[in-house]
Amino acid sequence: MQINLYNSLTRLIEEFKPIKENLVRMYSCGPTVYNYAHIGNMRAFLFADLLQRVLRTVGKYEVNWVMNITNIDDKTIRDSKLGSELWKKEMGEQSSSPLENLLKFTKYYENEFLKDISLLGIDLNHFFAMPKATEYIDSMQKLILKIIDNGFAYISNGSVYFNVMKWNEADKYGKLFNIDFENFKAGTRIDTDQYEREQANDFALWKAKKEDEPYWEFRIDEQICDGRPGWHIECSAMEADLLKLPFDIHTGGIDLKFPHHEDEIAQSKAGYGVEPTAVWCHNEFLEVEGTKMSKSAGNFFTLRDLLDKDIDPIDIRFAILSAHYSSVFNFTFDGITASRKARLRVQDFIYSLFEGQEFVPEKIDYSLKTELINSLRNEVFSHLANNLHTPKALASLFSWLNNHTSDSLSNVEKVDLIIFFSEINNIFVAWDIKKQIKENIIPQEIVDLAELRLKARREKNFKESDILRDKLLDLGYSIKDGKDSYTLEKM
């Protein structure tokens, strides 16, 4: 099926065609591993995972997906120098070597990050590579030398800066972002890895050695430029080494458009002579209860914060993916509850397909297709193929469920529906495609709630009945009504 994607570079939804016939080479900006990733970070990684899964499942492409690990920048260096109880508790004693401290510190948070994204349904086996910045210093230095040789960078006090104005005269700086050149002052340099002002400044490709910081030797025309890379240069070097240029798709949060991605385009073309990628895809921000997430506002959450509140990470995944990636996602606890109920409704329907049957997913003939289910499949997949429109895809799915019961399906249609749910589960990773394993013992408090609900139904108090049903769902039990009875099932 043809995939269409919004390209931030052209500001258009375009037909996606990989440069190599059936292979998609995709790069995603990964985490800076100096702390636990928060749920705002996680949206970018879930978006990238959604995209590569749609490419595999709907587009039928092979995908080489690279996500970098930033283990050297201002923040990782700053925090790896701090002596703290965390060092002693989680990482042991600090070393006298700044580089050893950096690598040990960032490795700890890298491992925690990998645990987190695994809980969110991101399959680590889907990655073609997860390179660390410190492993590509030589490639970065070679790229910097090319940029200098091509006349678009200069040395100042042992650091190397990209000459933005000179590049803008040769090509264009500001392809992704509206840059304020009116206030540009030639020679004004930015040394920090991240900055917020929208005006252009020369940015650091390489930073001169500072006391008590890790550094690498670097000689440029006999000048000593020992130090470490700037933040932006790492992606350009990794992309060229691992995917070759140009590759097909680059993803990241909208906050990375400037300066990171803008600088990436400039330095890649200035050094390698070609822009890094054909398609840029950016996801919007995540807010919490309608406001920007911040520690001062008390609405800052890491994944482990939410797990401590007994929230299932798959419910977080399903909630985030249920919204379109290009819209701001408002994370609320009520929203997570609603998302869970919607997800479990689908799960109940899947379980019902296996009732009274001996369907074994591993032995199903996946070439089997029926007219009824194929119509649903085409509708849902068409929405996913059209710029990953998950809200419309799920709306089509729930509309279909509203009008069909498992009892109304033939056995052949049930098998095809199991195949379909297996296919979309390759994208959403939200359900178990198997027969339900029922527990024999149901706690008395659950039975008491069910009895109260039966009483409410007999008295035609349907509002109370619905409240009690939702309470049972929250406690992990579904209830199926008979004429004057009910059946409880553990979800």
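Structure first, text after, so check above.
Residues numbered from 1 in each chain as written. Predicted model: local features only at pLDDT ≥ 70, side-chain atom pairs only at ≥ 80, totals over all residues. Heavy atoms only, no water.

## Re the sheet that holds strand β14 (residues 277–283)
Then step 1. With parallel pairing, five strands are arranged side by side in an open sheet as β5-β4-β3-β13-β14. At either end of the open sheet lies a strand with only one pairing partner, and these are β5 (127–129) and β14. Neighbouring strand axes in the sheet, compared pairwise and without regard to direction, differ in orientation by 30° on average.
Then step 2. As defined by bridge partners, strand β3 (residues 23–28) adjoins strand β4 (residues 62–67) across six bridges and the pair is classed as parallel. Across the sheet, the residue bridging to Arg25 is Asn64, located in β4.
Then step 3. Running over the sheet, helix α1 (residues 39–57) touches β3, β4, β13 (247–253) and β14 and is turned about 165° from β4. (Pairing = 2+ DSSP bridges. Helix = DSSP H or I, 4+ residues; strand = E, 2+ residues; numbered from the N terminus. Axes fitted to C-alpha atoms, helices over the stretch in contact; angles between N-to-C directions. Contact = heavy atoms within 4.5 Å.)

## Considering the sheet that holds strand β15 (residues 286–288)
Then step 1. Strand order in this open sheet of three strands is β16-β15-β17, and the pairing throughout is mixed. This sheet does not close on itself; its edge strands, each paired only once, are β16 (291–292) and β17 (329–331).
Then step 2. Pairing between β15 and β16: two bridges, direction antiparallel. If you follow Glu287 over to β16, its bridge partner there is Lys292.
Then step 3. Contacting β15 and β17, α1 crosses the sheet at an angle of about 145° to β15.

## Description of the pairing of β4
Then step 1. Extensive coverage of β4 is indicated by the burial of five of its six residues.
Then step 2. Note that the unit made of β3, α1 and β4 has a crossover that is right-handed.
Then step 3. Here β4 runs beside β5; their pairing, made up of two bridges, is parallel. Residue pairing in the sheet places Trp65 in a bridge with Phe127 of β5. (Buried < 20%, exposed > 50% of the residue type's maximum accessible area, 1.4 Å probe, protein only. Right-handed = clockwise from strand over helix to strand, strands pointing away.)

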